[in-house]
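A look at the structure
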Amino acid sequence: MIRAMTVPAPLFAFEGVAVEGSSGTLLAHVDAELPDAGITVMLGPSGSGKSTLLRLCNRLEAPTSGRVLFRGDDLAACDVLAHRRRVGMVFQQPVPFGGTVRDNLRVAAPTATDGEMTDALARAHLTAGFLDRIASELSGGECQRVCLARTLAAEPEVLLMDEPTSALDEPARLALEGLARELSADGVPVVWVTHDLDQAARIATWILRLEAGRVGASGPAGADGPG
Amino acid sequence: MAQGDVGALGVVAALALVALAVLLSWRGGLGLERSMAWASARALIQLLLVGVALAAIIDPSRPIALSWIWVGAMVVFAADVARRRAPEVPGLWKLAVVAFAATGAVTLGVVFGLRIFPLEARTLVPIAGLVIGNSMNSTVLAARRIVEELRDRRLEVEARLALGQPAREAARPHVRAALRTALSPQIETTKAVGIVFLPGAMTGLILAGVDPLDAVLVQAVVMYLVLGSAAVATSVIALGLVRRLFTPDHRLVRLTRPAER
């Protein structure tokens, strides 16, 4: 097994990153690099620090020590609002905002036309008919896809997904995995957090394994990789 | 004795009502007898002390600076009360000092600037007390609700931040909901005035022998002052708290529940 392999021109690089939470150490000295393509899966049991590591990528979390680099630039020095628009995030629980699906997409893209919104919905495999539906009345799977469409409406270059299927049933889960594959094939690298080994095997092109706040292994997915 | 004067005997007679409350608490097994008696005694002592101090300060021969010092002390004391009533709100003391000072500046500025009342020690201290005291409730309520909203709706706030919204914008729907909750009791009270109850200032003036129509006009000014001051104080608290609860790089700080502290 190759441990913490380096990557040419990484998407994200973590240099000696530690995060202390109120209840103890969440991440202890993480050194790792993620490739700028495909689907990178951050894999580990709950409490291993994988969500914290993902949240560092769009600075919803800041490291207590160490640096997080996005395509070579230190996130501590960047314009965080612009960065978050470049790096979209889908959360574990679908979080609809008030109002219709159109209102939800407007939060991400205030000036978007109906045509642009329909495109964003289509990338999440939803029809234009959803625009006038009340977001909070959708099913779990539909709502998570609206959240994905909302994130895509801001036209991010990278997509972070924090256990996005844990609240979904099997068909919705497989559908979302398929969407992530399509997006990465379209040139939007995806970083996907999960504790599900089978899911990692289905979608990962690269796997970063976390154990108790440290990197266990990092490398391409496959027979000889850490997956 | 003028018609509105209350002698010491009158106060003692009114204490019969406290005795009645104590009796009811005892009969009902509420266990509030001691605290009722203590609260009544304490209120009387505090009011007497304030009365003596006020009489000394609002004496026209004394400089008005003394009254301003009194007002400053009220701001600091009110902020301390707010902090103790909402210990889960981080940094509330400083924020409340700023909020009450701003409220005082705006409302006193209007009252004296527009010559609604003449600027004298006799008007300054009571009006400042009215404004600060009344905005204290709304301030505590607003601060608590804002912290609760941002803590309980963390997922939604972070979903907005993750879309690139600045902290203030991401917090806006939640702050708006909190301010609505904090101000609505004041608005409801204002609406019900005169129909349901006759408010304290007006009752006091009528009891003191003032023409009811004059009392009504003073009461209207008082009500607008109270409503305006609540709005100013809660807005300042909201602005300050959003700055305090988000980092400069637009992250929501960890907020614990009061029970976890």
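Quick note: structure is the one above.
Note that the structure is a prediction, hence the values are computed from the model and not measured.

**Some thoughts on the overall build of chain B**
Each helix and strand counted, chain B has 9 helices and 0 strands in total. What you see in chain B, going N to C, is helices and strands ordered as α-α-α-α-α-α-α-α-α. If you line up chain B on its principal axes, its C-alpha atoms span 70 × 55 × 35 Å. Long-range contacts, defined as pairs at least 24 residues apart, comprise 70% of the intrachain contacts of chain B with a sequence gap of at least 6. For chain B, the computed accessible surface area is about 14,700 Å², with 67% contributed by carbon and sulfur atoms.

**Examining the packing of aromatic side chains**
Within this structure, the stated rule accounts for 1 aromatic pair over all chains. For the pair A:F12 and A:F70, a centre-to-centre distance of 5.2 Å together with 40° between the ring planes defines the contact as tilted. Here A:F12, found in strand β1 (residues 12-21), pairs with A:F70, found in strand β4 (residues 65-70); they are 58 residues apart in sequence, far enough to count as distant. For A:F70, a relative accessible area of 4% gives the class buried. We note A:R150 situated over the ring of A:F97; from NZ or CZ to the ring centre the distance is 3.8 Å. Note that B:R160 overlies the ring of A:F97, its terminal NZ or CZ placed 4.0 Å from the centroid.

**Let's talk about the packing of helix α3 (residues 101-108) of chain A against helix α4 (residues 114-123) of chain A**
All names here are of chain A. Running from N to C, α3 and α4 point in directions that differ by 95°, and their axes come no closer than 11 Å. Relative to α4, α3 is oriented roughly perpendicular. Contacts between α3 and α4 involve V101, R102, L105 and R106 from the first element and D114, M117 and L121 from the second. Looking at the contact of α3 with α4 residue by residue, the class counts come to 4 nonpolar, no polar and 3 charged.

**Brief notes about the interface of chain B and chain A**
Taken together, the contacts link 16 residues of chain B with 21 residues of chain A. Summed over both partners, the interface of chain B with chain A buries about 1,700 Å², with 61% contributed by carbon and sulfur atoms. It is B:A162, B:L163 and B:R251 in chain B that bury the most area against chain A; as a group they hold 35% of the surface buried on that side. If you look at where chain B meets chain A, you find 3 salt bridges. For B:E158, the salt bridge is made with A:R55, and the minimal N-O distance between the two is 2.7 Å. Connecting chain B to chain A are 5 residue pairs in polar contact (both at pLDDT 80 or more).

**Structural notes on the sheet that holds strand β10 (residues 214-220) of chain A**
All names here are of chain A. Ordered by their spatial adjacency, 6 strands build an open sheet running β6-β7-β8-β3-β9-β10, and the pairing between neighbours is mixed. Strands at the two margins of the open sheet, each flanked by one partner only, are β6 (87-90) and β10. On average, adjacent strands in this sheet sit at an angle of 15° to one another, irrespective of strand direction. Note: β6 against strand β7 (residues 158-162), 4 bridges, orientation parallel.

**Quick word on unusual backbone geometry**
Most peptide bonds take the trans configuration, and most residues that are not glycine carry a negative phi. All names here are of chain A. Backbone geometry places R71, a non-glycine residue, at a positive phi of 45°. Accessibility expressed as a relative area gives 32% for R71, which makes it partly exposed. Even without glycine at this site, H125 takes up a positive phi of about 60°. The topology assignment puts H125 in the loop between α4 and α5 (140-153).

**Focus on the side chain of A:T52**
Within the secondary structure, A:T52 is located in helix α1 (residues 50-57). Here A:T52 is in contact with A:V19, A:L26, A:L27 and A:E61, once residues within four sequence places are set aside.

**Description of helix α7 (residues 167-192) of chain B**
The periodicity of an α-helix, 3.6 residues per turn, causes residues three or four positions apart to be oriented the same way. All names here are of chain B. The terminal C-alpha atoms of α7, which comprises 26 residues, lie 37 Å apart, in line with the 38 Å expected from a rise of 1.5 Å per residue. Approximately 45° is the largest bend angle found in α7, and it occurs at P173. As for α7, its buried residues are in contact with α5 (121-152), α6 (154-162) and α9 (212-245).

**A short note on the nonpolar core**
The biggest cluster of nonpolar side chains holds 123 residues, and the ones touching the most others in it are A:F12, A:F14, A:M42, A:L148 and B:F246. Per-element accounting of this core gives the leading share, 13 residues, to α5(B). Apart from residues no more than four positions distant in its own chain, A:L148 is found in contact with A:V90, A:A124, A:L159, A:M161, A:L176, A:L179 and A:L183.

Conventions and cut-offs
- Every chain's residues receive numbers from 1 upward, in the order its sequence appears when written.
- The naming scheme follows written order: chains are lettered A onward, ligands numbered 1 onward.
- Thresholds applied to this predicted model are a pLDDT of at least 70 for local features of residues and 80 or more for the giving and counting of side-chain atom pairs; totals over whole chains, interfaces and linings are not thresholded and use all residues.
- To obtain the side-chain values, all non-hydrogen atoms of the structure were included, while hydrogens and water were left out.
- Put simply, DSSP marks the helices as runs of H or I at least four residues long and the strands as runs of E at least two long, and each gets a number from the N terminus on.
- By definition in these notes, contact holds between two residues if any of their heavy atoms fall within 4.5 Å.
- Here the open area of atoms and residues is found with the Shrake-Rupley method and a 1.4 Å probe, where only the protein chains shown may cover a residue.
- Centres within 6.5 Å make a pair out of two Phe, Tyr or Trp rings, where for Trp the six-membered ring is used; the pair is then stacked when the planes are under 30 degrees apart, edge-to-face when over 60, and tilted otherwise.
- Only protein chains enter the accessibility calculation, which uses a 1.4 Å probe; a residue is then buried when its area is under 20% of its type maximum, exposed when over 50%, and partly exposed in between.
- The criterion for a charge sitting over a ring is simple: Lys NZ or Arg CZ within 6 Å of the ring centre, and within 35 degrees of the ring normal.
- For helices, the fitted line uses only the C-alpha atoms of the stretch in contact; every axis is such a line through C-alpha atoms, and the angle between N-to-C directions lies from 0 to 180 degrees.
- Under this scheme an angle from 65 to 115 degrees is roughly perpendicular, one under 35 degrees roughly parallel, and one over 145 degrees roughly antiparallel; angles in between are oblique.
- Gly is put with the polar residues, along with every residue not named as nonpolar or charged; the nonpolar set is Ala, Val, Leu, Ile, Met, Phe, Trp, Tyr, Cys and Pro, and the charged set is Asp, Glu, Lys and Arg.
- Here's the idea: put two parts together, see how much 1.4 Å probe accessible area each one loses, and the total over both is what we call buried area.
- One side-chain nitrogen of Lys or Arg within 4 Å of one carboxyl oxygen of Asp or Glu is enough to make a salt bridge.
- Polar contact criterion, stated in full: a pair of N or O atoms within 3.5 Å, where within protein one must be able to donate a hydrogen and the other to accept it, and residues adjacent in sequence count only if both atoms are side-chain atoms.
- In this description, strands pair whenever DSSP reports at least two bridges between them.
- Helix span, expected: 1.5 Å multiplied by one less than the number of residues in the helix.
- What the bend at a residue measures is the angle between two axes, fitted to the seven residues ending there and to the seven starting there.
- Side-chain atoms within 4.5 Å are what join buried Ala, Val, Leu, Ile, Met, Phe, Trp, Tyr and Cys residues into a set we call a nonpolar core.

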